[in-house]
Structure formats: structure tokens, C-alpha cells
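Next come the chains, spelled out residue by residue.
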Amino acid sequence: MTIIQKLHARNIIRKVARQQGITYHQCYSDLAEAIAVAYTTFDPEAKRTQIELVGDSHIPTPEELISLISQKTT
């Protein structure tokens, strides 16, 4: 992940935080928690999508996930 991708992801998190009326840190924490919960699923289709997106090695940070999803949608 490049520094530009990381900064772009952080800007997205800031925008979401402002829209939700919460702090950047709360938004980041909420995203990290949601990602961790999502990666504990036993749904085979969800697991397959997660492995295709990130691989099977680790749970992504919010910045990593935002960057990966951004790359897939552009």
C-alpha cells in the first residue's frame, strides 16, 4: 500500500466520520471492529470473497480494505 493510497483511505474515513457526526478515531475503531467481525464468518461465499480480496494471511486494516475495494471498483 502506497502512502497516497493510505492518505486517500484516511480521507474517506474522515468524510464518513463527519457524515456520521463522530470522531475520526471512533469511525476508524468502528470500521476495524466491523472488519474483524466480518472476517470471523463461517459463510463459505463470504470467505471466498475475502480470500480473493485480501488473501488468507491476515485481517486487513480499514485503510487496506478501503484501498483494495477502491481498486476493484475502478
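Up top is the structure these notes are about.
Here is what the cut-offs are and how they apply
- Residues numbered from 1 in each chain as written.
- Predicted model: local features only at pLDDT ≥ 70, side-chain atom pairs only at ≥ 80, totals over all residues.
- Heavy atoms only, no water.
- Helix = DSSP H or I, 4+ residues; strand = E, 2+ residues; numbered from the N terminus.
- Buried < 20%, exposed > 50% of the residue type's maximum accessible area, 1.4 Å probe, protein only.
- Contact = heavy atoms within 4.5 Å.
- Polar contact = N/O pair within 3.5 Å; in protein donor to acceptor, adjacent residues only side chain to side chain.
- Salt bridge = Lys/Arg side-chain N within 4 Å of Asp/Glu carboxyl O.
- Axes fitted to C-alpha atoms, helices over the stretch in contact; angles between N-to-C directions.
- Parallel < 35°, antiparallel > 145°, perpendicular 65-115°, else oblique.
- Nonpolar A, V, L, I, M, F, W, Y, C, P; charged D, E, K, R; others polar.

Caption draft 1: Fine view of the environment of histidine 58. Counting through the fold element by element, histidine 58 comes out in the loop between helix H3 (44-54) and helix H4 (62-73). A relative accessible area of 36% places histidine 58 in the partly exposed class. As a C-alpha pair, histidine 58 and tyrosine 39 span 19 residues in sequence and 9.2 Å in three-dimensional space. When near neighbours in sequence (up to four residues on either side) are disregarded, histidine 58 contacts Tyr39 and Glu64. There is a polar contact of 3.3 Å between the side chain of histidine 58 and the side chain of glutamate 64.

Caption draft 2: Structural detail: the pattern of salt bridges. Scanning the model with the defined rule gives 1 salt bridge in all. Notably, a salt bridge pairs arginine 10 with glutamate 63, separated by 3.2 Å at the nearest N-O pair. With arginine 10 in helix H1 (residues 3-20) and glutamate 63 in helix H4, this residue pair connects regions lying 53 residues apart in the sequence. Arginine 10 sits in the partly exposed class, given a relative accessible area of 28%. Residue classification places glutamate 63 among the buried positions, given a relative accessible area of 5%.

Caption draft 3: Expanded view of the packing of H1 against helix H2 (residues 24-38). Their axes nearest at 9 Å, the elements H1 and H2 cross at an angle of 105 degrees. Compared by their axis directions, H1 and H2 come out roughly perpendicular. Contacts between H1 and H2 pair Arg10, Ile13, Arg14, Val16 and Ala17 from the former with Tyr24, Cys27, Tyr28 and Leu31 from the latter. Its residues assigned to classes, the contact of H1 with H2 comprises 7 nonpolar, no polar and 2 charged.

Caption draft 4: Expanded view of the environment of alanine 17. Along the chain, alanine 17 falls in helix H1. For the pair alanine 17 and threonine 40, spaced 23 residues apart in sequence, the C-alpha separation works out to 25 Å. Not counting chain neighbours up to four residues away, the residues in contact with alanine 17 comprise Ile22, Thr23, Tyr24 and Cys27.

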